[in-house]
Amino acid sequence: MFIYQLLIEYDGTNYNGWQKQKNGKSIQETVEKALKKILKNKINLYGSGRTDAGVHAISQSAHFSVDFKIINKISFLNSINFFLKNKKISILDIKLKPENFHARFSAKKRIYEYVLINRQAPLSLEQNKAWHIKKPLNIDLMKKGAKLLLGTKDFSTFRSASCGAKSPIRTLKTAKIYKLNEKKIIFLFESKSFLQQQVRSMVGCLKYLGEKKWDLKKFKRVLKLKNRSLCAPPAPACGLYLKKVFY
């Protein structure tokens, strides 16, 4: 048996998320169908995580097993990308991995990026690719809030009600906010794993800080009380990107 890792880029706008489901189009199922056409076998694809509907990936990691070796990597990539060319999904690379490799359980850290555009004019080029906020934001205040999220904490405040994780405890190693240009603000978060909607919920709360709807005292209180009902509305899925998974 041979285990292969795929690195996948996708626009999640018109998908119901990564996870295969009965009703709705998923990234996982779309790639599995393309793999079946090439490999002539039913393929089960396992991702590093379940991105929600509308969430994008710069480099999602997934793996599958097959009972024969893929000889020509370039030919394989050309073939699978041919079948995916109208799906807004691209396979960036394929790598042969050890038999104990698992895209989800072998991962040591994940990096998510959130894109926010702070300007009056509506989005044209980046519609469905970023969160558009018209009201001016105080980025320095948001940076101070992000620092409070660092470390090992109970992130229940930022956890979706439907989250299936056994524990709300996570270790956030990186929480950075910076301007890519005058109007584009990037949020960068790094952890071994994240709770469902954790990143979008954190960004939603940081946006409240930036708008001065909350002050730092309120932000600290919301984090400390571990109560989901106190969380600001989560940021929309369109601005979220799974940037990279490390092993």
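Parameters and conventions
Residues numbered from 1 in each chain as written. Predicted model: local features only at pLDDT ≥ 70, side-chain atom pairs only at ≥ 80, totals over all residues. Heavy atoms only, no water. Helix = DSSP H or I, 4+ residues; strand = E, 2+ residues; numbered from the N terminus. Buried < 20%, exposed > 50% of the residue type's maximum accessible area, 1.4 Å probe, protein only. Contact = heavy atoms within 4.5 Å. Areas by Shrake-Rupley, 256 points an atom, 1.4 Å probe, with all protein chains shown as cover. Core = buried A, V, L, I, M, F, W, Y, C linked by side-chain atoms within 4.5 Å.

J.: Kindly report on the overall build of the protein chain, identifying the contributing residues and their values.
T.: Of the regular secondary structure elements, the protein chain holds five helices and 10 strands. Counting only C-alpha atoms and orienting by the principal axes, one finds that the protein chain spans roughly 60 × 40 × 30 Å. Split into buried and exposed, the 247 residues of the protein chain put 49% on the buried side. Sequence separation of 24 or more characterises 69% of the internal contacts of the protein chain that already satisfy a separation of 6 or more. If you sum the accessible surface of the protein chain, you get close to 12800 Å²; carbon and sulfur atoms cover 50% of it.

J.: Provide a residue-level description of the nonpolar core, including the pertinent values.
T.: Core analysis: the largest hydrophobic core is formed by 67 residues, its most contacted members being Leu 6, Leu 35, Phe 64, Leu 149, Phe 187 and Phe 189. In terms of residues, this core owes the most to one element, helix α4 (residues 198-210), which gives seven residues. Not counting residues up to four positions away in its chain, the partners in contact with Leu 149 are Phe 155, Phe 158, Leu 172, Phe 189, Met 202, Leu 206, Phe 219 and Leu 223.

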